[in-house]
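Chain and residue survey
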Amino acid sequence: MVRERRFRADLFYRLNVFPIALPPLRERREDIPLLVQHFVRKFASRLNKEVSHVSGEVMQALRHYDWPGNIRELQNVVERAVIISSGPNLEIPSGVLERIVAGDTPTLTRTLDEVQREHILEALRQSGGVLGGRNGAAVRLGLPRGTLQYRMRKLGIAQDRVVRVGNAAGWA
């Protein structure tokens, strides 16, 4: 977009100084109930509706769906649900709920990033949080230390997130 002059180059470089890695919603399922409640309040207020309750069954379905469209998809589903709801209970459209419930079955296939992240975290646990050196995570993974650091940044693994439990070090 910068090359096409549709986005200011100076703004791009200013924003790029501090990149923020935010994992997808499927990796933050604990955030879903809070987001659903927020969106219900927001859209109920905007539409002057008295929708205030989300059943456990609906919340369970929402929590188990993978949300390939992330928060925007969740927001759209909740907005549609508020629009069709006729009482205080949030009513998810039947076609949407069926699609969500059908996606409820866990998939065995994980993304390469998910597998890499878990593998790096395990190597960090085994090395006691040490990246380089003979017993470091980089050697265990067969990578140069710089490459490991790059992949950690890319996958959202912060070097300063060592969690100490007694004498053992673990990675969060």
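For the structure, see preceding data.
Here's what I pulled together on the structure shown here. Bear in mind the structure is a predicted one, so any value in this text is a computation, not a measurement.

Okay, the side chain of arginine 28 next. Assignment of secondary structure puts arginine 28 in the loop between α1 (9-15) and α2 (32-46). In this structure, arginine 28 is in contact with Leu22, Pro23 and Ile71, ignoring residues within four places of it in sequence.

The interhelical angle for the contact between α2 and helix α3 (residues 56-64), taken along N-to-C directions, is 120°, at an axis separation of 10 Å. By the criterion of interaxial angle, the relationship of α2 to α3 is oblique. Between α2 and α3 lies a crossing whose hand is right-handed. Touching Ile32, Pro33, Val36 and Gln37 of α2 are Met59, Leu62 and Arg63, all from α3. Taken together, the residues of the contact of α2 with α3 sort by class into five nonpolar, one polar and one charged.

So, about the packing of aromatic side chains. If you walk through the whole model with that rule in mind, you get three aromatic pairs. Judged by centre distance (4.6 Å) and plane angle (90°), the rings of tyrosine 65 and tryptophan 67 are edge-to-face. Note on accessibility: tyrosine 65 and tryptophan 67 belong to one class, buried.

This next bit is on the side chain of glutamate 73. Within the secondary structure, glutamate 73 sits in helix α4 (residues 70-84). For glutamate 73, the side chain forms a polar contact with the side chain of tyrosine 65, separated by 3.1 Å. Not counting residues up to four positions away in its chain, the partners in contact with glutamate 73 are Tyr65, Trp67, Pro68 and Arg99.

By size, the foremost hydrophobic cluster in this structure holds 25 residues, and its most contacted members are Val36, Leu62 and Trp67. Of all elements in the fold, only α2, α3, α4 and α5 (94-102) reach the threshold of two or more residues within this core. Residue contributions to this core peak at seven residues, all from α2. The contact partners of valine 36, leaving out residues within four places of it in the chain, are Val54, Met59, Leu62, Leu74 and Val78. Listed in part, the twelve residues of the second largest apolar core include Leu121, Leu131, Leu148 and Met152.

Now for the pattern of salt bridges. Here the structure, examined in full by the defined rule, presents seven salt bridges. Between glutamate 122 and arginine 125 there is a salt bridge, with the nearest N and O atoms lying 3.5 Å from each other. In this pair, glutamate 122 and arginine 125 are both assigned in helix α6 (residues 112-126), three residues apart and thus about one turn of the helix distant. On the basis of relative accessibility, which here comes to 38%, the residue arginine 125 falls in the partly exposed class.

Each value, and the rule that gives it
Every chain begins its residue count from 1, and numbering advances along the sequence as written. Residues qualify for local features only when their pLDDT is at least 70, as the model is predicted, and side-chain atom pairs are given and counted only at 80 or more; totals for whole chains, interfaces and linings, by contrast, use all residues. Neither water nor hydrogens contribute to the side-chain values; these are computed over all heavy atoms in the structure. By definition, any uninterrupted DSSP run of H or I lasting at least four residues is a helix, any uninterrupted run of E lasting at least two residues is a strand, and each is numbered from the N terminus. Residue contacts are defined here by distance: any two heavy atoms, one from each residue, within 4.5 Å place the two residues in contact. The angle between two axes is taken between their N-to-C directions and runs from 0 to 180 degrees, where each axis is a line fitted to C-alpha atoms and a helix contributes only its stretch in contact. Each angle is binned into one of four classes, with values under 35 degrees roughly parallel, values over 145 roughly antiparallel, values of 65 to 115 roughly perpendicular, and all other values oblique. Less than a right angle of anticlockwise turn of the near helix away from the far helix marks a crossing as left-handed, whereas a clockwise turn marks it as right-handed. Here the term charged refers only to Asp, Glu, Lys and Arg, the term nonpolar to Ala, Val, Leu, Ile, Met, Phe, Trp, Tyr, Cys and Pro, and the term polar to all other amino acids, Gly among them. Note on aromatic pairs: the rings of Phe, Tyr and Trp (six-membered ring only in Trp) are paired at centre separations within 6.5 Å, and the planes decide the class, stacked below 30 degrees, edge-to-face beyond 60, tilted for the rest. Only protein chains enter the accessibility calculation, which uses a 1.4 Å probe. A residue is then buried if its area is under 20% of the maximum for its type, exposed if over 50%, and partly exposed in between. In protein, a polar contact requires one atom able to donate a hydrogen and another able to accept it; more generally it is a pair of N or O atoms within 3.5 Å, and residues adjacent in sequence count only if both atoms are side-chain atoms. Remark: nonpolar core denotes a set of buried residues (Ala, Val, Leu, Ile, Met, Phe, Trp, Tyr, Cys) joined through side-chain atoms within 4.5 Å. What counts as a salt bridge is simple: a side-chain nitrogen of Lys or Arg found within 4 Å of a carboxyl oxygen of Asp or Glu.

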